[in-house]
Structure formats: C-alpha cells, structure tokens
Amino acid sequence: MTQSLEEPYFEAFLHFFFPEVHQLIDWTKTPESLEKELKRITASARTKKRFADKLYSVISYQLSVISD
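The model shown is predicted, which means the values in this text are computed figures rather than measured ones.

Trainee: Help me understand the packing of aromatic side chains in this model?
Mentor: For any two aromatic rings, the description comes down to two numbers: the centre-to-centre distance and the angle of the planes. Under the definition given, this model contains five aromatic pairs. Ring centres of F16 and F17 lie 4.8 Å apart, and the angle between their planes is 85°; this geometry places the pair in the edge-to-face category. Each residue in the set F13, F16, F17 and F18 is aromatic and connected to the rest through ring pairs, giving one cluster.

Trainee: What is the right way to look at the side chain of H22 in this model?
Mentor: Counting through the fold element by element, H22 comes out in helix α2 (residues 19-24). The buried category is assigned to H22, whose relative accessible area is 12%. Contact partners of H22, with chain neighbours within four places excluded, come to E11, L14, H15 and W27.

Trainee: Honestly, a nonpolar patch on the surface in this entry has me stumped. Any pointers?
Mentor: A surface patch of nonpolar side chains, about 540 Å² in accessible area, is lined by F13, F16, F17, F18 and V21. A total of three residues in the nonpolar patch trace back to one element, the largest contributor, which is helix α1 (residues 10-17).

Trainee: How do you make sense of the confidence of the model for the protein when you look at a structure like this?
Mentor: Close inspection of predicted coordinates is inappropriate for parts of the model with low pLDDT. Averaged over all residues, the pLDDT of the protein equals 80, while 82% of them reach at least 70. No element of the protein has a lower mean pLDDT than helix α3 (residues 35-43), which averages 86, and none a higher one than α1, which averages 93.

Trainee: Looking at this model, I keep getting lost on the side chain of S33. Mind explaining?
Mentor: With respect to the helices and strands, the residue S33 is situated in strand β1 (residues 32-33). The class of S33 is buried, set by a relative accessible area of 14%.

Each value, and the rule that gives it
Counting starts from 1 at the beginning of each chain's written sequence and moves along it residue by residue. In view of the model being predicted, local features appear only for residues whose pLDDT reaches at least 70, and side-chain atom pairs are presented and counted only at 80 or more, with totals across whole chains, interfaces and linings using the full set of residues. With hydrogens and water set aside, each side-chain value is computed from the structure's full complement of heavy atoms. Ring pairs are drawn from Phe, Tyr and Trp, using the six-membered ring of Trp, whenever the two centres fall within 6.5 Å, and their geometry is named by plane angle: stacked under 30 degrees, edge-to-face over 60, tilted for the rest. A run of H or I in DSSP counts as a helix once it spans at least four residues, and a run of E counts as a strand once it spans at least two, with each numbered from the N terminus. Relative accessibility decides the category of a residue: with a 1.4 Å probe and only protein chains considered, values under 20% of the type maximum give buried, values over 50% give exposed, and everything between is partly exposed. We call two residues in contact when some of their heavy atoms are within 4.5 Å. Patches were defined on residues exceeding 30% relative accessible area and lacking a salt bridge, with like-charge contacts within 9 Å and nonpolar side-chain contacts (Val, Leu, Ile, Met, Phe, Trp, Tyr) within 5 Å. All accessible-area figures derive from a Shrake-Rupley calculation using a 1.4 Å probe, and residue coverage is judged against the displayed protein chains alone. Whenever a carboxyl oxygen of Asp or Glu lies within 4 Å of a side-chain nitrogen of Lys or Arg, that contact is scored as a salt bridge. A residue's pLDDT is simply how confident the predictor is in it, with values from 0 to 100.

Encoded structure:
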C-alpha cells in the first residue's frame with residue numbers, strides 16, 4: 001500500500017482543525033484510507049458536488065452507536 005502525500009499529515013490536520021475529534025482517536029492504530037470506497041460512493045451519486053476529498057477509518061477510544 002502506498003501513502004499519498006496527505007496521509008502523513010492526517011493526524012496533524014485533525015489535531016489542528018478538530019482537536020476534540022483528535023482526542024477520541026487511538027493513534028497507536030494506523031488510520032485506514034478508504035479511497036476506493038469514496039470513489040464508489042461518489043461515482044454512484046446523483047450529483048457531482050462533493051463535500052469530502054478523503055475518507056478514513058479510525059479506531060476510537062469511545063465506542064458509541066449512532067442512530068437516527
């Protein structure tokens with residue numbers, strides 16, 4: 001697996017812009033880039049407007065269930 005230029009800066013980005021989120025992530029586990037999944041989602045979208053350029057899977061210290 002090759003890293004894109006942004007991946008080494010992912011943690012620093014979250015720490016600077018989203019410190020509350022950064023604190024919830026277990027940084028001993030490497031974040032997983034989900035580029036293929038993002039491409040699949042955006043390819044099937046009805047609109048071409050995108051709100052996300054990157055998608056990562058991370059392990060959180062706090063487990064919670066998100067429901068509607």
